[in-house]
Structures are given as structure tokens and as C-alpha cells.
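# Breakdown of the fold
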Amino acid sequence: MADFTSLSIARRRDAVMQELRRLLPRHEGLRQALPFGTAALDSHLPEGGLACGALHEVVPQTEGAIASAFGFIAAILSRLSQAYPLIFVRPVYGLRQYGRLSGHGLNGLGLDPRRLILVETSHRKETLWAVAEALRSGVPSAVVGLIDKLDLKTSQKLHLAAGDCGLPLFLLRPAPTLEASAAATRWRVGPAPAARDRFGLYARPRWHLQLERCRNGRPGEWVMEYDHVAHRFSLAAALADPAFSRRAGDHSFRQACRS
Amino acid sequence: MAGAGGPRTAALNEAAADMGLVAGESLSDARAKTDMLQVRDVDTTADDTALRRLALWATRYTPTASPWGEDDGADGFFLDIEGSAHLFGGEESLIADLAARLQHFGLPARLAVADTPGAAWALSRFHRAPLFVLPAGRQAAALADMPIEALRLSGETRTALRRLGFKTVGALIDKPRAPFAARFAAELLRRLDQALGRVDEPLVPVVAPPVYHSLQYLLDPVVTQEAVVARARRLMQNLVHVLVRDDVGARALRLCLYRVDGAVETIAIGLTAPTRSAAHVARLLDLKLAALAALDDAGFGFEAIGLAVTRAEPMPARQIEFGTADPAFGSEDSSRAERCAALIDALRQRLGPHRVRRFAPVASHLPERAEALPPVDGEACSPSCSASWPAPEQAHPLLLLPHAEPADDVTALVPDGPPRRFCWRGSTYDIAAAQGPQRIGAEWWRNHKPHCEVAPTRDYYLVEDLGGRRFWLYREGLYGRETAAARWFVHGLFA
């Protein structure tokens, strides 16, 4: 009892988690995870990846970074099972300012656009209904929704609905201020200078990912790149701009100190 | 009703008929007969609408109800009651029931049942009794002493016949046909043959006749949505036996709700894949009714509910396996495909049929034309069977702006070189790297007018600013050849 160091708390938590896992095998069965396939992220997340059957929020860093947020979601979706469709629910007014999702662009990110079923709704109530309906059917590999406002209670409902069917639910939240939510993770995505081949041509997109909140885990920050041919995430290797890499390193160093 | 020599009366109510007025006389004559005349203008569109509504209501007796057109007088409708009369205890009791209900609406009616529409029309107009059933095969005898107006002939033919001394239909029946054919329009013999049943007369139904149909009359009118859905579910269960017998499933259904006061609500639903499941149909109807709020003005309730399968498609019976599902036979996949179709149906009923879409490639180089978003059809759940998506040739933006937006203050080192800096939506972006150009010419083969200017060529650049934001810019017009001062546009955003 004397030494409540962080190490002992962590050990105790591990013991409790092990006990819970033993007691709740059903719970364990549902909690499959979608690994990113790179140790830096997967070891940071409590489930070893994004939890299936949970709500994940993706937020663009700035208003103009919505394309990066979409790209991040499309990259995760392209790693899912190919056999089943994906449902994307969005209000008709949702993306008006930034145009529409392009099938050729999705194809360029390695996601077959024919798997995607687009559902257009005219207001938020319909969006929530369509998301819940798609989850309840258990048909798609994943459900993506575009929702601007979401209160805590609704997010809890959606999180439970996703947990009941074991499907991952991604919500894109193009909102400047975010309310408290029951999401398992919240990612803030911004663009980063792209990976280029030796001729200086655009090769792979890179994103600046901030894991803002993570249930049973710690926040973090990475610069990741995505290979659309191999469907693989990896840490951005030698960053082109040394200033940028130092900045990103600073952040993660500070965060490590805090936790 | 306007006509030669001033306005004429078109229709009269009972009181006017009692005063000795006749429909078709001039208005001044009518005013001379009585000084209490109230006159309204004829509104043929409203009459048509009302007649159609009434015919729609009459589909509670039989699916085929056909309102009369202009040459039938446009004041009634035909019902094809063959095969449905026994449900009401015979033809006499059917028309008695119909007449009683019409009387209830305040519509005194004259009804007649005969083998042919022509004979029924004639009997309803010229027979003494308001309700009359003609025994089978007696048209010639019944029509013989009727005036020639009973044949639905045009005005000229009628006058010509009268002038020649033909007063009754009997005078025309069994006369040599050749002189009539030579002297009159084909109409005369056609109408005669139709009335006597020698030629078929096709009826134009007010709604498309269903393939399968099930109808229930309720002792107590229902008002609530739950009750309606429960009744519809039972009706679908009745239909399932017939559907199974014919190896088909329903692709489109129509629910008709007959209100006590004579109005009819029709709700049509379409399905992604043929189905025979009553539970599925009931759920879709529930969603559709909730979306339409159709039951908000149920009035005194619905007294009859009909469910019709308007489109059926083959649906072969499937082997149901015992025990665990074997993945080798794809039963998991097929049940998932079924659930997928059910999900798409549900979304389409609640949100509208054009709200559920998918991407389809279009063979075009212009980015704004290169893909379409058609509504999802039946093969939504098996993407592998449709044609594959074309392989990417060039980098393509993830978000395409609805219209290319002009970029201001674009700086480039040379007029036809890549941009170095641009301003878009009020902020300036310094470009760290630009890749291009990718040249896309206008589609001159779509230009139908030969002298019209072809749209200028576009040079697309993938540019990345210092912060890592990636844009798709294009310069419109080839410098020096098509334009002297090229304009720049932002067309898309990369991930």
C-alpha cells in the first residue's frame, strides 16, 4: 500500500483486466480489433487496434482538412473485409461546401467504390436513424456517418448499438467545438506533406494524427503515411521538412512526460 | 357550358329536373322556365378528378375500375366484376351494396350489370329501373327497343341515323352490314358490335391491375397505424400461398386504404429483391406510413384494406439446411444478401428511393462527368458480380468541388508553367510542390451545335502547400493558342 507508483497501478490494472477477461468471455469475443498493422499505433491502443463494435470519432484538424479526415477513414475501411458492403450515411447539406466524395478518388486510395452504399438524409434525425438501422441489420463491414452535432446520450446509444452488432462505427464530425461523447477513440486528422518518390512525384498521402481521447488508453500523436497498394499504414519515415519532424517529436515527447 | 347561341346547361340537380328543365337547353330558356335558377360554370378538370377518385374507391369491389371518358359521357365508370361478384353474394347484392354506399355519399346512381360494357352503359342510361341485372346473352333483346343514343355514337352519326329513320337500336341489329359500312364511319358498326359482344371493348383501369390481390373488409373501421400494419401483414400472409405456388416473390406492392367517407389512400412500395416475407413487408409499410404521415387524417377510419402485388418476379424456392450452416454452400452469404436487401428496402422506404445510391463509373475524361450516382438496384449486396472499376490512371482528388471555383492572384514563373501561389476562399496558399500538367481536352463530340465554341483545354496540377494541404488546380485554356490570359480554378481536394 505504501508505494502507489504509476508502475504498480499499471500492474494492478493489468491484473484486473485479466480477471475481467476471464470472467467475460462473450465480451472478449465481441472485442475484436482492427489493427493498423504498425506497431507504433497498435501497441498504443488498448485493444491492439481500433476496437470493433465501438464508436470512433474522426475530426478534421481545421475546416479545410476534411479531405484528410475522409482519406483516413477510407484508408481504414479499405483494410476491412472485402466481401460486404460499407454504408456511408451523410446529410445532403453536409458536404456542400467541399463538394462530393469522388469514386475515382476512393479508388485511388485503394477502396473499391462499388462496395460503398451512399445514403443521403435530409436532417440529423434521419441520419441517426439510418446509422442505427445499418448497424442493427449487421450486414455491412462498417458504417460511416457524417454528423455535425451529437449529444452524450445519443453517442452512448450509438456506441452500444455498435457494440451489440460488433461493427465499427466511424463518425466524421466537421464541427469546430465538440461535446463530450462516449466514443472509444477520437482522432484529429490534419494533412502533412506527402511522401514522394525519388523523382519528387506524389506517392503516398501522409496525415498528422492526434489521438485526442482513447478509452482505457493514452492520447498520442503521430505522422502516418498510407500505402494504397499494400493497404498498409506506416510511420512517416524521414520527414522531408526537418522543422516539421522536430515539432511533431516535441509534441509526443511532452505527452509522454505528462502521462 | 358555352356553345352556339350562348351558354347551355350541362347538368341539373333533382329540383331543377322537377321544374321541367332539360340538360342541354340554352340558359336563357332555362331562366325563362324558372326564376330560382342557380348557375355554376362547368369545371371539367374537377369533374374528372372527382370521377377518378370515385373509381379508385370502387376498386374495393374489383381491381378493374375504369372511369368513363369524353365519348362515354364522363359521368360514371365501368367495373369488371367477373369473378368478384360471388364475394358479395351475387351481382344483385353487389350493385345493391354499391348503390347504398353511393347514396350514402349523396350520389344517386343508376347501375346495370350486363355481359358487355356497351350493353351495361345503355341499360344504366335508358332502362326504367335504376338497378338492373341483365341475364347472360340477352343483349340483343334488351337493346332492341332502346333509342340509338344508347350506342354511344357521335353527334353527326346520330343525326344522320335519325334523318334516315332509324329510331331504335333494334332497327340496326341484323340489318345487312355493307350499306352501313359504306355510309357511316366505322364507329357505328364498332359500337354496335361492342354492345352485342361481337367485338371486345378494352377497359382502361384507373390504376394498373395487380398481379395478385388480397382485400379485407373490416367490421369496425381502423384508425391507428399499428392496426393498419397488422391488417396488411395478415393480407400478405394470405398472398404468400399463391406466391409460393407460382414460384414468385413480390417486387412492388400497393396498399389501398378505403376510408369510410369514400377517399382512398394508396401507398406504393418497391423492393430491392423479390420477397415473400410478411414481416418484411409489414415493416416497410410501417416505415413508409411513418414517413408519409398518411394516417394523419384518417377521418372516421378505414373500412377496407387491400394489398396488391403489382410486380412479381421469379423467386425459386431454396433448400433450407439442417444443423449448422455450411459455408461451402454459401448459405451465410445468401442470408446476408437477403438481410442487405432488407436493409436497403428499409432505407429506401423511409428516406425515399433516390436517397440510397452507389458509385458507377462513366467513360469520360472530364472529372465532373466521370462518375454517376445511380440509385441502388437489386444487386447491391454482391459487388463482385458487376463490372470492375477502371484502374486509376492519374491521381484523382478525394473530394470534388460541385463547381470549379476560380482561384485569384495565381502566380506562376512562366504563363504556362505550374503555379507558385494562389488565393482561394480568402486565404493564400504558398505552393511547396506542384505536379503536372495533366491535360484534359473538352469533349468536342458532345458539342451538338457546329458553330459553337468548344470549351477550352484544361491543364490540371496536383499542388501541395507548405502545410501539406493538397489541391487539384487547373488552368483553363492553352496559353497563346486558346487564350492570352489564362484563368485558374480549384477543382478538388486530395486526402
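Model, not experiment: these values are computed from the prediction. (Residues numbered from 1 in each chain as written. Chains lettered and ligands numbered in written order. Predicted model: local features only at pLDDT ≥ 70, side-chain atom pairs only at ≥ 80, totals over all residues.)

## Focus on the overall build of chain B
The secondary structure content of chain B amounts to 12 helices and 17 strands. On C-alpha atoms alone, chain B measures out to a radius of gyration of 34 Å, which is more than a quarter above the 23 Å that the 2.2 N^0.38 rule sets for 495 residues. Dimensions along the principal axes, computed over C-alpha positions, put chain B at roughly 100 × 75 × 50 Å. Considering only contacts within chain B whose residues lie at least 6 apart along the sequence, 55% involve residues at least 24 apart. (Helix = DSSP H or I, 4+ residues; strand = E, 2+ residues; numbered from the N terminus. Rg over C-alpha atoms; globule rule 2.2 N^0.38 Å. Contact = placed C-beta atoms within 7 Å.)

## Points about the sheet that holds strand β5 (residues 212–222) of chain B
Residue and element names in this part refer to chain B. With antiparallel pairing, the four strands of this open sheet are ordered in space as β5-β8-β6-β7. Edge positions in the sheet fall to β5 and β7 (264–275), since each of these pairs with one other strand and no more. Across the sheet, the axes of successive neighbouring strands diverge by a mean angle of 15°, strand direction being ignored. Across the sheet, helix α10 (residues 225–245) is in contact with β5, β6 (248–259) and β8 (302–314); its angle to β5 comes to roughly 150°. Strands in contact with helix α11 (residues 278–292) are β6 and β7; relative to β7, the strand with the most contacts, it is inclined by about 135°. (Pairing = 2+ DSSP bridges. Axes fitted to C-alpha atoms, helices over the stretch in contact; angles between N-to-C directions.)

## A closer look at the interface of chain B and chain A
Listed by partner, the interface residues are 45 residues for chain B and 45 residues for chain A. Among the elements of the structure, α12 (331–351), β9 (356–358), β12 (399–412), β14 (427–440) and β15 (458–465) of chain B are those that each provide at least two residues to the side of chain B that touches chain A. No other element matches α12 of chain B, which puts nine residues into the side of chain B that touches chain A. Of the residues in the side of chain B that touches chain A, the class split is 30 nonpolar, five polar and 10 charged. Pairing between strand β5 (residues 100–101) of chain A and β12 of chain B: two bridges, direction antiparallel. For Leu 101 of chain A, the partnering residue across the bridge sits in β12 of chain B and is Leu 399 of chain B. (Nonpolar A, V, L, I, M, F, W, Y, C, P; charged D, E, K, R; others polar.)

## A short note on the packing of helix α6 (residues 124–137) of chain A against helix α7 (residues 152–165) of chain A
All names here are of chain A. The geometry of α6 relative to α7 is characterised by a closest axis approach of 9 Å and an angle of 20° between their N-to-C directions. Overall, the two elements α6 and α7 adopt an arrangement that is roughly parallel. Two packed elements cross with a definite hand, and for α6 against α7 that hand is left-handed. In contact with Leu 128, Val 131, Ala 132, Leu 135 and Arg 136 of α6, α7 contributes Thr 154, Leu 158, Ala 161, Ala 162 and Cys 165. Counted by class, the contact of α6 with α7 contains eight nonpolar, one polar and one charged residues. (Parallel < 35°, antiparallel > 145°, perpendicular 65-115°, else oblique. Left-handed = near helix turned anticlockwise from the far one by under 90°.)

## Some points on the packing of helix α5 (residues 117–126) of chain B against helix α9 (residues 186–196) of chain B
Residue and element names in this part refer to chain B. Two elements in contact, α5 and α9, have axes separated by 5 Å at closest approach and are oriented at 90°. Viewed along their axes, α5 and α9 adopt a mutual orientation that is roughly perpendicular. Touching Gly 118, Ala 119 and Ala 122 of α5 are Arg 191, Gln 194 and Ala 195, all from α9. Of the residues assigned to the contact of α5 with α9, the class counts are three nonpolar, two polar and one charged.

## Here we look at the pairing of β14 of chain B
A regular strand carries its side chains on alternate faces of the sheet. Residue and element names in this part refer to chain B. Where strand β13 (residues 419–424) and β14 come together, four bridges link them in antiparallel fashion. Residue pairing across strands places Trp 424 opposite Ser 427, the latter belonging to β14. Counting the residues that bridge the hairpin from β13 to β14 gives two residues, and of these Arg 425 lies at a positive phi of roughly 55°. Here seven bridges tie β14 to β15, and the two strands are oriented antiparallel to one another. Each residue of the ladder has a partner; that of Ala 433, found in β15, is Glu 464.

## Overview of the sheet that holds strand β9 (residues 185–196) of chain A
Pairing in this open sheet of 10 strands is mixed, and the strands run β12(A)-β11(A)-β10(A)-β9(A)-β3(A)-β8(A)-β7(A)-β4(A)-β6(A)-β9(B) from one edge to the other. Where the open sheet ends on each side, the last strands, each with one partner, are β12 (232–235) of chain A together with β9 of chain B. Between one strand axis and the next, the sheet turns through 30° on average, direction left out of account. Judged from the four bridges that link them, strand β4 (residues 86–91) of chain A and strand β7 (residues 142–146) of chain A form a sheet pairing that is parallel. From the neighbouring strand, Val 89 of chain A faces β7 of chain A, where its bridge partner is Gly 145 of chain A. Relative to the sheet, helix α4 (residues 66–78) of chain A contacts β3 (55–60), β4, β7, β8 (169–172), β9, β10 (202–214), β11 (220–227) and β12 of chain A, its axis offset from that of β3 of chain A by approximately 145°.

## Here's the deal with the confidence of the model for chain B
Residue and element names in this part refer to chain B. Looking at chain B as a whole, its pLDDT mean stands at 85, while 92% of the residues score no less than 70. Counting interchain partners and residues more than four positions distant, the pLDDT-below-50 stretch residues 323–330 has six contacts. Quick note on the complex model: pTM equals 0.73, ipTM equals 0.80. (pLDDT = per-residue confidence, 0-100.)

## Observations concerning the confidence of the model for chain A
This prediction gives chain A a mean pLDDT of 82; 85% of its residues lie at or above 70. Taken together, the stretch residues 240–259 of chain A has pLDDT below 50 and engages in 13 contacts with residues farther than four places along the chain or on a different chain.

## With respect to the pairing of β10 of chain A
Residues and elements named next belong to chain A. Relative to β10, β9 is paired through 10 bridges, and the arrangement is antiparallel. Opposite Ala 195, over in β10, you have Arg 204 as the bridge partner. Counting the residues in the hairpin turn of β9 and β10 gives five residues, including Gly 200, whose phi is positive at 80°. Across six bridges, β10 lies against β11 in antiparallel orientation.

## As for unusual backbone geometry
Gly 436 of chain B connects to Pro 437 of chain B through a cis peptide bond whose omega is 0°. In this structure, Pro 437 of chain B sits in strand β14. At Asn 216 of chain A, a position not held by glycine, the phi torsion is positive, near 60°. Here Asn 216 of chain A shows up in the loop between β10 and β11. Of the residues examined, Asn 216 of chain A has 11 C-beta atoms within 10 Å and is grouped as exposed. Although it is not a glycine, Asp 247 of chain B adopts a positive phi angle of roughly 60°. Note on Asp 247 of chain B: 11 C-beta atoms within 10 Å, which makes it exposed. (Buried ≥ 20, exposed ≤ 12 C-beta atoms within 10 Å, placed from the backbone.)

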